[in-house]
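Here is how the chains run, residue by residue.
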Amino acid sequence: MCLILFDIDTSKEFKLTLAANRDEYFDRPTSPMAFWEDAPQILAGRDLKALGTWFGVSRNGRFAALTNFRDLTQIKTNAPSRGEIIPRALEFKGPVPTFLVELHKKADQYSGFNLLTGEAKGPFFWYSNQDGKIFEIPPGVHGLSNHLLDTPWPKVARGMKNLNLIIEKENADKKAGPDEAFFDLLSDRTRPEDHLLPDTGVGLEWERILSPLFVSSSVYGTRSSTLMRIDANGTIRVRERTYPLVNTDLPEDREFIVTPGS
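Small disclaimer: the values here were computed from a predicted structure and weren't measured. (Residues numbered from 1 in each chain as written. Predicted model: local features only at pLDDT ≥ 70, side-chain atom pairs only at ≥ 80, totals over all residues. Heavy atoms only, no water.)

**Student:** How would you sum up the nonpolar core? Please name residues and give values.
**Tutor:** Counting residues in hydrophobic clusters, the biggest one holds 27 residues, and the most contacted among them are I4, F6, L18, F55, F63 and M228. Breaking this core down by element, the ones donating at least two residues are strand 1 (3-8), strand 2 (14-25), strand 5 (55-58), strand 6 (62-68), strand 8 (124-128), strand 11 (220-231), strand 12 (236-242) and strand 13 (252-258). For F63, the contacting residues outside a window of four places in its chain are L16, L18, G56, V57, L90, L116, T117, G118, F124, M228 and I230. (Core = buried A, V, L, I, M, F, W, Y, C linked by side-chain atoms within 4.5 Å. Buried < 20%, exposed > 50% of the residue type's maximum accessible area, 1.4 Å probe, protein only. Helix = DSSP H or I, 4+ residues; strand = E, 2+ residues; numbered from the N terminus. Contact = heavy atoms within 4.5 Å.)

Written as structure tokens, this is what we have:
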């Protein structure tokens, strides 16, 4: 994924709310979210080139989401695919912190990445091989793009602000709002002014292209959006919206409910 906005324990109804966009080249083959035939415990979309994924949930209630760390000077030649980290996290038999300790031992083999993961009832953790720390995330609204957690890139700051507004409205109304509020947030194509953009080595034109929450260009852009909400009982509801590569087609939605232990 390239943008993950999430709220921990601010909602009166949900332990975790996560809204995220996956950006990728349009010619990279992908399958939509489903339970994998070769790993039936894993619910995820799949990169059909490297056979990994960017976000997934396991039947036992663990989730994991990954973003690349964007720094062209740190790309490792012949490094393993970062997408393999998600299934490893989901299938690991021990506690999440133990997995992160094991991951840290080999994390320098990969190009830069961020990993957000946890069990349905918490706690939730962030790990990046850019600083090597295993961090238990505190309650509140957070954002993660292609830098470190809560780095205030314009898209992250804008997304966090608007996610907080949605959660506040739900709390005031004392009920969950429509999913479309989150997908509208993720569809924001607003481009910030040039002086606000980060410099990650891709050049100004690409910094502009990559700066909105929803990315659009002729060769690369937002391929799917994901909404995950975990209630106080640990029930996970995931809705994925995939965007067509042909403008005449409509987006496709799919929804899954995972009840750990059932």
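Anyway, onward from the coordinates.
**Student:** Talk me through the packing of helix 3 (residues 154-173) against helix 4 (residues 179-186); I want residue IDs and the actual numbers.
**Tutor:** The interhelical angle for the contact between helix 3 and helix 4, taken along N-to-C directions, is 170°, at an axis separation of 10 Å. Between helix 3 and helix 4, the interaxial angle falls into the category roughly antiparallel. Taken together, the residues of helix 4 that come into contact with helix 3 (itself represented by G159, N162, L163, I166 and E170) are A181, F182 and L185. Looking at the contact of helix 3 with helix 4 residue by residue, the class counts come to five nonpolar, two polar and one charged. (Axes fitted to C-alpha atoms, helices over the stretch in contact; angles between N-to-C directions. Parallel < 35°, antiparallel > 145°, perpendicular 65-115°, else oblique. Nonpolar A, V, L, I, M, F, W, Y, C, P; charged D, E, K, R; others polar.)

**Student:** So what's going on with helix 4? Residues and values would help.
**Tutor:** Buried within helix 4 are the following residues: D179, F182, F183, L185 and L186. Take helix 4 and look down its axis: the buried residues cluster within an arc of 155°, on one side only. Next to the buried residues of helix 4 lie strand 1, strand 2, helix 3, strand 11 and strand 12. (Arc of directions from axis to C-beta.)

**Student:** An account of helix 3 is requested, with residue identities and associated values reported.
**Tutor:** When the terminal C-alpha atoms of helix 3 are compared, their 29 Å separation across 20 residues agrees well with the 28 Å that a helix rising 1.5 Å per residue should span. Buried within helix 3 are the following residues: K155, V156, G159, M160, L163, I166, I167, E170 and N171. For helix 3, the angular spread of the buried residues around the axis is 135°, confining them to a single face. Projecting away from the buried face of helix 3 at angles above 90 degrees are the exposed residues K161, K169 and A172. Lining the buried residues of helix 3 we find strand 1, strand 2, strand 10 (140-144), helix 4, helix 5 (204-210) and strand 11. (Expected span 1.5 Å × (residues − 1).)

**Student:** Residues and numbers for the packing of aromatic side chains, please.
**Tutor:** Within this structure, the stated rule accounts for nine aromatic pairs. Ring geometry for F63 and F124: centres 5.8 Å apart, planes at 55°, overall tilted. Placement of F63 in strand 6 and of F124 in strand 8 is noted, with a sequence separation of 61 residues between them. The same class applies to F63 as to F124, namely buried. With centroids separated by 6.0 Å and ring planes inclined at 50°, the aromatic side chains of F113 and Y127 adopt a geometry described as tilted. Separated by 14 residues along the polypeptide, F113 in strand 7 (residues 113-119) and Y127 in strand 8 bring together distant segments of the chain. The exposure classification of F113 matches that of Y127, with both residues buried. Site record: aromatic cluster; members linked through ring pairs are Y25, W206 and Y220. Across from the ring centre of W36, 3.7 Å away, lies the NZ or CZ of R46, which sits over that ring. Positioned above the aromatic ring of F183, the side-chain terminus of R241 is 4.3 Å from the ring centre. (Phe/Tyr/Trp six-rings, centres within 6.5 Å; stacked < 30°, edge-to-face > 60°. Lys NZ or Arg CZ within 6 Å of the ring centre and 35° of its normal.)

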